Amino acid sequence: MSKKVLIIDDEQDVRDYVSSLLNNNGFETKTSDDGVAGFDTLQQFKPDLVILDIIMPNQSGVGFYRSLRKSDTFKDTPVIVLSGANRYKDFFSTDHRTLPQPQDFIEKPFATEDLLEKVNSHIQ
Amino acid sequence: MNKIFEQLLKDLDDNDPHIRFAAARTVGELGEKGDEIKSALFGALKDSHWFVRLSVLQTIRELKFNEDEILEYITPLLKDVHEDVREYAVLTIGDFNEKAAPAANALAEVLFDPVWYVRATTAKILGKIGKGARNSIDRLKKCMCNDNEVDVCISAARSLAKICCCEDLEVISSLEKIKIDPKKPIELQNIAEESLQKITNQKL
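Numbering of residues starts from 1 in each chain and follows the order in which that chain's sequence is written. Both sets of labels track the order of writing: A upward for chains, 1 upward for ligands. Local features in this predicted model are restricted to residues whose pLDDT is 70 or higher, and side-chain atom pairs enter the listing and the counts only when it is 80 or higher, whereas totals over whole chains, interfaces and linings include all residues. The basis for every side-chain value is the complete set of heavy atoms in the structure, and neither hydrogens nor water enter the calculation.

Draft legend 1. Inspection of the packing of aromatic side chains at higher detail. Residue and element names in this part refer to chain B. The pairing test for Phe, Tyr and Trp rings, Trp by its six-membered ring, is centres within 6.5 Å, and the orientation test on the planes gives stacked under 30 degrees, edge-to-face over 60, and tilted for anything in between. Under the definition given, this model contains 7 aromatic pairs over all chains. Taking 6.2 Å as the distance between ring centres and 55° as the angle between the ring planes, the aromatic pair formed by Phe21 and Phe51 counts as tilted. Here Phe21 is found in helix H2 (residues 17–30), whereas its partner Phe51 is found in helix H4 (residues 50–63), with 30 residues between them in sequence. The pair formed by Phe21 and Phe51 is uniform in burial state, with each residue classed as buried. Measuring from ring centre to ring centre gives 5.5 Å for Phe42 and Phe65, while their planes differ by 50°; the resulting arrangement is tilted. With Phe42 in helix H3 (residues 35–44) and Phe65 in the loop between H4 and helix H5 (67–74), this pair connects stretches of sequence that are 23 residues apart. Working definition: with a 1.4 Å probe on protein chains only, accessible area under 20% of the residue-type maximum means buried, over 50% means exposed, and in between means partly exposed. A relative accessible area of 7% means that Phe42 is categorised as buried. Feature note: the residues Phe21, Trp50 and Phe51 constitute an aromatic cluster, connected by ring pairs. Only runs of H or I of at least four residues qualify as helices and only runs of E of at least two qualify as strands under DSSP, and these elements are numbered from the N terminus.

Structure (structure tokens):
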């Protein structure tokens, strides 16, 4: 059975590109364009890994991530943050809470082999 | 001011929000807090993009300006439209512990925030303020008893232990009820018991 990846990014090009890349490498994918809709899709699709953008309308990737980690069902789902700059890691600062950091960060633009390597290494 | 900071100040005003974001973080990394930089940063708190406001807040927090300036400029961000900005404003104010008491009333309003992690962080910060947040006791008690997110209830219970004393009988009564309520999560019951012990040993 194919491993499942949920891609949450407000940019259509990114969703299409990453989805196509992963599909061509044997993964089943679903996409969402924001954190709120993404959580609904998460609950229906039950992915093995989430690729998550940070800067999105409605709910930022940080808000989605916190809800994910609070959920009994999805708290251990690996997350790779895909963002425009590594500095966005600061948004996941855990100095005031006990949430674990996302499994990995990858900066846009990215090399396809880097993304694939990270997905393969983190997916359960 | 050297050329680097001149450029950073221009970048803080750039048309591209991602450049403004990067400029704000770079200022934080360089650690410069002169008057011109300070003025530009506080001005950038009104940026139209939430992630720029958040990055400016992070930089302001790192640069550790004095509490009067922080409370004046950051307190309005407790009503920001974006939840992550509101939460970070709470955290920044909380760095001053008991000296943040002038912001306690404004923080108490944030206990009704629609986003759970903003409420949870606010409840925690009111505890850091301590006795100076006594006006928030009633709202913290309501959070502890009625919030539908256990993290908020736990934060509120812990903070009440730092703010209340043996004369706060309503809080004591609420904690006693939670302690024995089988419908409450075990973790909350345990925290209620700990908080009860601390409060009953504290005088006003």
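That covers the picture; the talk isn't over yet.
Draft legend 2. Structural context of the environment of Lys183(B). All names here are of chain B. Mapped onto the elements of the fold, Lys183 is located in the loop between helix H11 (169–180) and helix H12 (186–200). Using a relative accessible area of 77% as the deciding quantity, one classes Lys183 as exposed. C-alpha of Lys183 to C-alpha of Arg139: the two residues are 44 residues apart in sequence and 22 Å apart in space.

Draft legend 3. Inspection of the pairing of strand E3 (residues 49–52) of chain A at higher detail. Residues and elements named next belong to chain A. The two faces of E3 match: Leu49 and Ile51 on one face and Val50 and Leu52 on the other face are all buried. The pairing criterion for strands is at least two bridges between them, as found by DSSP. One ladder, built from 4 bridges, connects strand E1 (residues 4–8) with E3; its direction is parallel. By the bridge assignment for E3, Ile7 is matched with Ile51. The pairing of E3 with strand E4 (residues 79–83) spans 3 bridges and is classified as parallel. Counted as the bridge partner of Val50 is Val79 from E4.

Draft legend 4. View of the interface of chain B and chain A. Residues count as neighbours in contact if any of their non-hydrogen atoms are within 4.5 Å of one another. Across the contact, 23 residues belong to chain B and 18 residues belong to chain A. Once two parts are put together, the accessible area they lose, assessed with a 1.4 Å probe and summed over both, is termed the buried area. Per-residue buried area on chain B facing chain A is highest for Phe21(B), Trp50(B) and Trp116(B); these three make up 26% of the total on that side. By definition, a salt bridge exists where a carboxyl oxygen of Asp or Glu is found within 4 Å of a side-chain nitrogen of Lys or Arg. Summed over the shared surface of chain B and chain A, the result is 4 salt bridges. Think of a polar contact as two N or O atoms within 3.5 Å of one another; within protein, one of them needs to be a possible hydrogen donor and the other a possible acceptor, and neighboring residues in sequence only count if both atoms come from side chains. Our count for the contact surface shared by chain B and chain A stands at 3 residue pairs in polar contact (both at pLDDT 80 or more). Broken down by secondary-structure element, the contributors of at least two residues to the side of chain B that touches chain A are H2, H4, helix H6 (83–94) and helix H8 (116–129) of chain B.

Draft legend 5. Focus on helix H1 (residues 12–24) of chain A. Residues and elements named next belong to chain A. To estimate how far a helix should reach, multiply one less than its number of residues by 1.5 Å. Across its 13 residues, H1 extends 18 Å between first and last C-alpha, which sits within 8% of the 18 Å expected from 1.5 Å per residue. Looking at H1, one finds that the buried residues are Val14, Arg15, Val18, Ser19, Leu21 and Leu22. Burial along H1 is one-sided: seen end-on, the buried residues are contained in an arc of 160°. Exposed side chains of H1 directed beyond 90 degrees from the buried face belong to Asp13 and Asn24. Taken together, the buried residues of H1 touch E1, strand E2 (28–32), E3, E4 and helix H4 (112–122). Backbone geometry just after H1 places Gly26 at a positive phi near 90°. This arc corresponds to the set of directions leading from the helix axis out to the C-beta atoms.

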